[in-house]
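# Analysis of the macromolecular model
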Amino acid sequence: MRKKIHPDNYRIVVFKDMTSNQSFFCKSTIKTKDKINLNGKEYPLYKMEISSYSHPFYTGHIKYVDSTGRIEKFNKKYKL
C-alpha cells in the first residue's frame with residue numbers, strides 16, 4: 001500500500017447489523033460514537049439497520065422488519 005494516501009482516521013471498524021445481530025470488520029473513515037470490545041481489543045462500532053445479512057436480495061427470503069414506529073425512529077435518530 002502506498003504511504004500517505006489515506007486519511008489519519010482510516011482504521012478497522014466493526015459494522016453491526018441491528019436486524020440480524022451479525023457484525024463484520026472493515027477498514028473505514030466513518031465517524032462513530034460507540035465502541036465494542038471483541039477478542040480483548042476495543043474497536044469503533046457503527047450500527048446499521050440493514051446489511052447483506054438481513055437484506056431480502058441477499059438472504060433470498062422476505063423478512064419483515066418492524067414497520068410500526070419507523071417515522072418516530074427516524075425523527076429520534078435525526079432529532080427532527
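Described in the following lines is the structure provided in the data block. Note that the coordinates shown come from a computational prediction; the quantities given were computed from them, not determined experimentally.

## So, the sheet that holds strand E3 (residues 34-38)
Read from one edge of the open sheet, four strands run E2-E1-E4-E3, paired in mixed fashion. Of all the strands in the sheet, the pair left with one neighbour each is strand E2 (22-28) and E3. On average, adjacent strands in this sheet sit at an angle of 45° to one another, irrespective of strand direction. In terms of strand pairing, strand E1 (residues 11-17) meets E2 through seven bridges, oriented antiparallel. Across the sheet, Arg 11 pairs through a bridge with Ser 28, a residue of E2.

## Notes on the pairing of E1
In textbook terms, the turn of a hairpin is the stretch between consecutive antiparallel strands, and for E1 and E2 this stretch comprises four residues, one of which, Asn 21, has a positive phi near 65°. As judged from the four bridges shared by E1 and strand E4 (residues 41-48), these two strands associate in the parallel manner. Each residue of the ladder has a partner; that of Lys 16, found in E4, is Lys 47.

## Brief notes about unusual backbone geometry
A positive phi is found at Lys 4, a non-glycine position, where the angle reads about 60°. By secondary structure assignment, the location of Lys 4 is in the segment before E1. Judged by its relative accessible area of 84%, Lys 4 falls in the exposed class. If you check the backbone angles, Asn 39 has positive phi at about 55° while not being a glycine. Relative to the helices and strands, Asn 39 resides in the loop between E3 and E4.

Scoring rules and cut-offs
Throughout, a residue's number is its position along its own chain's written sequence, starting from 1. Only residues with pLDDT of at least 70 are given local features in this predicted model, and only at 80 or more are side-chain atom pairs given and counted; all residues enter the totals for whole chains, interfaces and linings. To get the side-chain values, all heavy atoms of the structure are used, and hydrogens and water are removed first. One bridge is not enough; two strands pair if DSSP finds at least two bridges between them. The helix count covers DSSP runs of H or I at least four residues long, the strand count covers runs of E at least two residues long, and both are numbered beginning at the N terminus. The axes used here are C-alpha line fits, helices contributing only the stretch in contact, and every angle between their N-to-C directions lies in the interval 0 to 180 degrees. The buried label applies to any residue whose accessible area, calculated with a 1.4 Å probe on protein chains only, is under 20% of its type's maximum; exposed applies above 50%, and partly exposed to all values in between.

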